[in-house]
Amino acid sequence: MGFARACSVALVGVEGVVVEVQADLEPGVAAFTLVGLPDKSLVESRDRVRAAVVNSGGEWPQRKLTVGLSPASVPKGGSGFDLAVAAAVLGAAERIDPAAIADLVLIGELGLDGRVRPVRGVLPAVLAAAEAGYRQVVVPERTAGEASLVPGVSVLGVRSLRQLIAVLTDEPVPEEPTESEPGRPDPTLAGLLVPGAGVGTGLSVRTGAGEHRPDLADVAGQEAARAALEVSAAGGHHLLLHGPPGAGKTMLAERLPALLPPLSDQESLEVTAVHSVAGMLPPGEPLVRTAPYCAPHHSATMQSLVGGGNGLPRPGAVSLAHRGVLFLDEAPEFSVRALDALRQPLESGHVVVARSAGVVRLPARFLMILAANPCPCGRHTLHGAGCECPPSAVRRYQSRLSGPLLDRVDLRVDVRPVNRADLLGRSGRGESTAVVAERVREARARSAARLDGTPWSVNSELPGHELRTRWPVAPGALAAAERDLERGLLTARGMDRVLRVAWTVADLAGRDRPAARDVAVALELRTGVARGATAVAGGVS
């Protein structure tokens, strides 16, 4: 009787669970049994592994073979267990030393010819292995760079099962082709990217060389909206752009990610892990350094926004926009059920999705931008534009953005149509993205220095109690906000959000704490009612 074990990782959302793959050979009729709660794609690994071993020059054991995946209570799926199953079977057949693979974590799919194909989710899988105490992992060569991002782990990238056997048995490593023939696509990369993923779905984590980079200077006029965009980027505040079609709402939203500072090392690992699981990570670029931008279509379902799918839930748009920007264009056209599902992640920074197959916690700390027209035709606020929408249709259209959702939006800006002088450039170009991004960086540095030693990093994350007790504003600065609270114009949550925005405005202006004019700007940005102070690019007047 032969027995061997190896290790692999099962992904539950964006978190991994180390799975022990055990192979047992007994005398009897040749059979291959796979147990341990596998899904359909994992059950099919029996045929893939058998063909890969034979085509790699090995001999398949003609005995009763049982492969167990432990813990058996954890659902397991995908083809990433192939390499571990093959290693365990070869160890039980004494083709390789069982002790050499006992503490080895192997992740990868096997082709019928023995090639090791890359799979999605390598980074979170290796992170889970490192947290469990494993220090040696074997991954497909194409994803070795992604796995190497985890410190303290020795990574071996292999191109074929034959190469892995040679390394484990100290035999000469066979020469393997490093790439496909010139002019032909590499079929092994198909496992990394989900069909239809990328810019075509509204998701982009970076702009390639030679592509046009949206610049804030391209936006004509819109001083108030540009200032709100700067405040949003500096403090991480959610923003509603309300105005007629063609005023520039989408242009402004597309230029927000470039205003955000580069991701920190920890944030980069978080974003890369989500994108790796979702199949959005381009080959050759294992680490996401810039803030992601996700703009789902208004026909998106609730599951596509917050996460879901068959079996264990997969990341949705809110998780793909983690540490970046989620832009909902034509927000009232989204289903009310989908929009209201955003309330919980807006407050907590994560999504907890419960399904019959299990409960998954997905990260979802994003900056939300809503764009909305005033009515179904979009001409309701334009004088002489001929809006024919009845008042009931206008009310019904605007009520699709519920009060509880809007209460979580810090900034609300009316985007007016651009006049002829602004459009033709007679009033001069506005500030570029680089200039505004530098001010945002300085404002974030001030808030980071103030919040040093706390679990928060930007003003939008601060609890209201902490703001009122640990960082008081100037005397009398909150008088206007307190009057609005007493009149019912502000909720308690709205009061806290006004205070957070006031701190961001003060950080942009270089002040140590908010004054009355900073609170007035915050109230104006939240309610749209003039307060005698207007936010402009670079400060407050």
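For clarity, every value in this text was computed on a predicted model and none was experimentally measured.

As for the side chain of serine 402
Within the secondary structure layout, serine 402 lies in the loop between α15 (391-398) and α16 (403-406). Here serine 402 is in contact with Asp340 and Arg343, once residues within four sequence places are set aside.

Concerning unusual backbone geometry
Of note, the bond from serine 70 into proline 71 is cis; its omega dihedral lies within 30 degrees of zero at 10°. By the element assignment, proline 71 lies in the loop between β4 (64-70) and α3 (82-92). Of note in this structure, glutamate 94 is not a glycine but carries a positive phi near 65°. Although it is not a glycine, glutamate 330 sits at a positive phi angle of roughly 50°.

Thoughts on the environment of arginine 120
Along the chain, arginine 120 turns up in the loop between β7 (116-117) and α5 (122-131). The spacing of arginine 120 and serine 79 is 41 residues in sequence and 9.6 Å in space, taken between C-alpha atoms.

Comments concerning the pairing of strand β1 (residues 2-12)
Each regular strand shows side chains that alternate between the opposite faces of the sheet. By the criterion of burial, β1 is predominantly enclosed, with eight of the eleven residues buried. As paired strands, β1 and strand β2 (residues 15-26) are joined by eleven bridges and run antiparallel to one another. Along β2, the bridge assignment pairs cysteine 7 with glutamate 20. In textbook terms, the turn of a hairpin is the stretch between consecutive antiparallel strands, and for β1 and β2 this stretch comprises two residues, one of which, glycine 13, has a positive phi near 70°.

Quick word on the side chain of histidine 237
Within the secondary structure, histidine 237 is located in the loop between α8 (223-235) and β11 (239-242). Here the side chain of histidine 237 touches aspartate 410 through a polar contact of 2.8 Å, side chain to side chain. At 2.6 Å, the side chain of histidine 237 and the side chain of threonine 504 are in polar contact. If sequence neighbours within four positions are ignored, histidine 237 has contacts with Val231, Ser232, Leu367, Asp410, Leu411, Asn459, Ser460, Arg500, Val501 and Thr504.

About the criteria used
- Residues numbered from 1 in each chain as written.
- Predicted model: local features only at pLDDT ≥ 70, side-chain atom pairs only at ≥ 80, totals over all residues.
- Heavy atoms only, no water.
- Helix = DSSP H or I, 4+ residues; strand = E, 2+ residues; numbered from the N terminus.
- Contact = heavy atoms within 4.5 Å.
- Buried < 20%, exposed > 50% of the residue type's maximum accessible area, 1.4 Å probe, protein only.
- Pairing = 2+ DSSP bridges.
- Polar contact = N/O pair within 3.5 Å; in protein donor to acceptor, adjacent residues only side chain to side chain.

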